[in-house]
Amino acid sequence: MTDIRTTLHRTTLELTASGSPSARLDAEVLLMRYLRTDRLQLLLHPDRELSGDQSAGFATWVERRRRGEPVAYILGEKEFWSLPFEVNHDVLIPRPETECLVEEVLKCCGGPEGHLRIIDIGTGSGAIAIALATELPGARVLATDVSPGALEVARRNAMRHGVAGRMEFIEGDLFASAAGEFVLIVSNPPYIPDEVYPLLPSGIRDFEPRRALVAGPAGADFHRRIIREGLGRLVKGGRIFLEIGEGQAELVEALFAESGSYEEIRFRKDYAGLDRVASARRKRET
Ligand code: SAH
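None of the values given here were measured: they were computed from a predicted structure.

Trainee: Please clarify how the site of the ligand should be interpreted in this entry.
Mentor: The environment of the ligand is made up of 18 residues, and the closest members are Gly-122, Asp-145, Asp-173, Leu-174 and Asn-188. Residue Leu-174 places a main-chain N or O atom 2.9 Å away from a nitrogen atom belonging to the ligand. A distance of 2.8 Å separates an oxygen atom of the ligand from a polar side-chain atom of Asn-188. Among the residues making up the shell around the ligand, the classes are represented as eight nonpolar, seven polar and three charged.

Trainee: What exactly am I supposed to notice about the pattern of salt bridges here?
Mentor: Side chains that differ in charge, positive against negative, can pair when their charged atoms come close. According to the stated counting rule, one finds 24 salt bridges in the structure shown. Residue Arg-276 is joined to Asp-270 by a salt bridge in which the shortest nitrogen-to-oxygen separation is 2.9 Å. In this structure, Arg-276 and Asp-270 share a single accessibility class: buried.

Trainee: Is there a simple way to think about the environment of Leu-15 in this case?
Mentor: Structurally, Leu-15 is set in helix 1 (residues 4–17). On the accessibility criterion, Leu-15 (0% relative accessible area) is buried. Taking C-alpha positions, Leu-15 is 15 Å from Ser-202, a pair spaced 187 residues apart along the chain. Those residues in contact with Leu-15 that sit more than four places away from it in its chain are Ser-20, Ala-23, Asp-26, Ala-27, Val-62, Arg-65 and Arg-66.

Trainee: Just to check I follow, could you spell out the sheet that holds strand 8 (residues 182–187) for this structure?
Mentor: Within a sheet, each strand pairs with its neighbour through backbone hydrogen bonds, oriented either parallel or antiparallel. Strand order across the open sheet formed by seven strands is 7-6-5-8-9-11-10, with mixed pairing between neighbours. Each having just a single partner strand, strand 7 (167–171) and strand 10 (262–269) make up the two edges of the open sheet. With direction set aside, neighbouring strand axes in the sheet form an average angle of 15 degrees. Strand direction decides the pairing type here: strand 5 (residues 117–121) and strand 6 (residues 140–145), joined by five bridges, are parallel. Along strand 6, the bridge assignment pairs Asp-120 with Ala-143. Contacting strand 5, strand 8, strand 9 (234–243) and strand 10, helix 10 (residues 221–230) crosses the sheet at an angle of about 170 degrees to strand 9.

Trainee: Just to check I follow, could you spell out helix 4 (residues 52–66) for this structure?
Mentor: Owing to its 3.6 residues per turn, the α-helix brings residues three or four apart onto one side. Relative to the 21 Å expected for 15 residues at 1.5 Å per residue, helix 4 spans 21 Å between its end C-alpha atoms, a close match to the ideal helical length. Looking at helix 4, one finds that the buried residues are Gly-57, Phe-58, Trp-61, Val-62 and Arg-65. All buried residues of helix 4 project into a common sector of 145 degrees when viewed along the axis, lining one side. Exposed residues on helix 4 whose side chains face more than 90 degrees from its buried face are Gly-52 and Asp-53. For helix 4, the secondary structure elements touched by its buried residues are helix 1, helix 2 (23–34) and helix 5 (71–75).

Trainee: Sorry, what's going on with the state of the cysteines here?
Mentor: In protein chemistry, a disulfide is the covalent bond that joins the sulfur atoms of two cysteines. If you walk through the whole model with that rule in mind, you get one disulfide. A sulfur-sulfur distance of 2.5 Å marks the disulfide that ties Cys-108 to Cys-109. With relative accessibility at 35%, the residue Cys-108 sits in the partly exposed group. Among the cysteines around Cys-100, which has no disulfide bond, Cys-108 carries the closest sulfur, lying 15 Å off. Residue classification places Cys-100 among the buried positions, given a relative accessible area of 0%.

Trainee: Just checking my understanding: could you explain the packing of helix 1 against helix 4 for this structure?
Mentor: Angle between the axes and distance between the axes are the two parameters that describe a pair of packed helices. The geometry of helix 1 relative to helix 4 is characterised by a closest axis approach of 10 Å and an angle of 25 degrees between their N-to-C directions. In terms of axis orientation, helix 1 runs roughly parallel to helix 4. Every pair of crossing elements has a handedness; the one defined by helix 1 and helix 4 is right-handed. Mapping the contact onto sequence places Thr-7, Thr-11, Glu-14 and Leu-15 in helix 1 and Phe-58, Val-62, Arg-65 and Arg-66 in helix 4.

Trainee: Sorry, what's going on with the pairing of strand 5 here?
Mentor: Here is the key point about a regular strand: its side chains alternate between the two faces of the sheet. Of all five residues in strand 5, four are buried; the element is thus mostly enclosed. On the question of chirality, the crossover connecting strand 5 to the parallel strand 6 by way of helix 7 (residues 127–135) is right-handed. Pairing of strand 5 with strand 8 involves four bridges; the strand directions are parallel. Across the sheet, Ile-119 pairs through a bridge with Ile-185, a residue of strand 8.

Conventions and cut-offs
- Residues numbered from 1 in each chain as written.
- Predicted model: local features only at pLDDT ≥ 70, side-chain atom pairs only at ≥ 80, totals over all residues.
- Heavy atoms only, no water.
- Near = heavy atom within 4 Å.
- Polar contact = N/O pair within 3.5 Å; in protein donor to acceptor, adjacent residues only side chain to side chain.
- Nonpolar A, V, L, I, M, F, W, Y, C, P; charged D, E, K, R; others polar.
- Salt bridge = Lys/Arg side-chain N within 4 Å of Asp/Glu carboxyl O.
- Buried < 20%, exposed > 50% of the residue type's maximum accessible area, 1.4 Å probe, protein only.
- Helix = DSSP H or I, 4+ residues; strand = E, 2+ residues; numbered from the N terminus.
- Contact = heavy atoms within 4.5 Å.
- Pairing = 2+ DSSP bridges.
- Axes fitted to C-alpha atoms, helices over the stretch in contact; angles between N-to-C directions.
- Expected span 1.5 Å × (residues − 1).
- Arc of directions from axis to C-beta.
- Disulfide = S-S within 2.5 Å.
- Parallel < 35°, antiparallel > 145°, perpendicular 65-115°, else oblique.
- Left-handed = near helix turned anticlockwise from the far one by under 90°.
- Right-handed = clockwise from strand over helix to strand, strands pointing away.

Written as C-alpha cells, this is what we have:
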C-alpha cells in the first residue's frame, strides 16, 4: 500500500525524468481524477492509502503520460469556455487560444434577438460550435467535419451541454454536405504548414489526428478554400471568423482582399500577442 504523498512524489519524479515540463501538476491532476476527488482533498489528506488495485490502475495512467500522451486524452476530457468537453484520439484537444474566436463572434453578434444560422467547419470535439450555441440561445448551429469519429464526440458533447436540439452534425468536406446560406461561418481549420508538422512536439504528432493539423505548403489551404467557397454561402453582410496560425495574418488578409467581396477585414491577437483570429464581412452590395 502507498499513500497519496508517496504516490505524488514518485509520480512527479517519474514524469520529470520523462521530460514533462509540468510534472507535479500533471501528477496531481491525474491522481485527483483517478481517485475522483478534488485537488484540495488530495492535498489535505496526504496519508490516505491507495489500495493495490488503485495503485496498479493509476500506474497505467502514469505510464501513458510518461510516453508523452497529453493529459486531456488520459482523462478523456478538456475544459473549453468553462465547459467540460469529452475528447478522444479522433479529435484535436481544444486549445485555450480558440476561446478568442468565440469571444470575437460574441462581440459582434451577441444579443438574444439574433436567429443566427451558423456553420462551424471542422468542428472536432464541437468546442466552438457548442460554446456559441450555449451563448446564443437564438442560434442554430451546423457543425461539419470529415471525421465520423469526431462528429460522434461532438454530438455527445452537444447533448451533455443541452444544445443538441439546435445543432446539426454533418459529415463532409467543408460546405459540401451543408445546404443553404449562413449568417456566420466560423472555423478553426487545420493550419500547420506541411514542413512544420515534423517539427511539432511529439505529444502532438504522436497523439493528435494529423488531418486536424496539416494544411498544405503555407498552412493556409483551408483558409483559402473557406474564404472562396464561403462567399457563395454567406448572406450579404454575413461574417467569417477564422483561427489562424503564427505568421499567417498577411496571407489571410490578402486572400480576403483579393476576392474583392469582403470588407472590415480584421485581426484579433491572442493572449501571447499573436494574431489569432481573422474576420471579415461579406459586402452588402456584392
Ligand atoms: N474546431 C475544433 C477542431 C479543430 S481541428 C477546435 O477548435 O478544437 C480541425 C478539424 O477539421 C478536425 O476535426 C478535422 O477532422 C477537420 N477537417 C479536416 N479536413 C476537413 C475538411 N476537408 N472538411 C471539414 N473538416 C475537416
